[in-house]
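# Summary of the model geometry
Chain by chain, the residues:
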Amino acid sequence: MANVNTETLTNTQQRIIDAALDIVSHVGYKSTTTKMIAQKAEVNETTIFKNFQSKQVLIDTAFKQHTTQITKEVDEFFSQTFNNTTDLMKESGRFMANIFDKHRQIVIGTIKEVGNEQTKTIFTYKQEYIQQQLCTKLKEFSKDHSLTDQQYETIIFIFNSAIMNLLVDKARREYSDDEPAMTIHLDDVIELILKTLN
């Protein structure tokens, strides 16, 4: 059962996927064991192998499921009409923060595995897709600014990275009582980027 159809998952398969993503987002792919996943999902370890064949197939299925959902949500969001640059950037900033938070396990799991050659084929989530969609949409308002393609891409990269940093900070504070909160907020990031564009 190398390919698992993410459209027709059983409740047990979904529990296993959710448990796997949670553990990977905390300890990373290499340290995640099927025994840990089984305990978290409250199933027997053999149930994992009956449903997913291997840890790699399980993680691959989990990431494909979320990547498909993220792509769908991004496409739906950017199919909207925006009034102007300010409207686009404010709505996009909120959307990106929400989607990163909603899919935080996948996002954090991907961040943890950057540079890991073993997981290169598994971790297919690409934040670049959101950046490309936003950059394309922003260029529709190009008459409002005099920027090169490279400048648009740089601004959107910084915007995306700042929002991602807010998510990582939020996750860090959830796992540590001593971690001080950042003094920058989403609205601050949006306003800074809007100043850059004007």
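Refer to the preceding data block for the structure.
Residues numbered from 1 in each chain as written. Predicted model: local features only at pLDDT ≥ 70, side-chain atom pairs only at ≥ 80, totals over all residues. Heavy atoms only, no water.

## Thoughts on the packing of aromatic side chains
Going through the model one piece at a time under the given rule, you end up with 4 aromatic pairs. When the centroid spacing of 4.9 Å and the interplanar angle of 85 degrees are considered together, the rings of F77 and F78 count as edge-to-face. With a relative accessible area of 8%, F77 lands in the buried category. Residues F77 and F95 carry aromatic rings whose centres are separated by 4.1 Å and whose planes lie at 5 degrees to one another, so their mutual orientation is stacked. Of this pair, F77 sits in helix α4 (residues 55–78) while F95 sits in helix α5 (residues 85–102), and the two are 18 residues apart along the sequence. Note on accessibility: F77 and F95 belong to one class, buried. Taken together, the ring pairs connect F77, F78, F82 and F95 into an aromatic cluster. Lying over the aromatic face of Y29, K55 brings its terminal NZ or CZ to 4.2 Å of the ring centre. (Phe/Tyr/Trp six-rings, centres within 6.5 Å; stacked < 30°, edge-to-face > 60°. Buried < 20%, exposed > 50% of the residue type's maximum accessible area, 1.4 Å probe, protein only. Helix = DSSP H or I, 4+ residues; strand = E, 2+ residues; numbered from the N terminus. Lys NZ or Arg CZ within 6 Å of the ring centre and 35° of its normal.)

## A look at unusual backbone geometry
The phi angle at E42 is positive, at roughly 60 degrees, despite the residue not being glycine. The exposure class of E42 is exposed, given its relative accessible area of 69%. For Q53, which is not glycine, the phi torsion reads 70 degrees and is therefore positive. Here Q53 lies in the loop between α3 (45–52) and α4.

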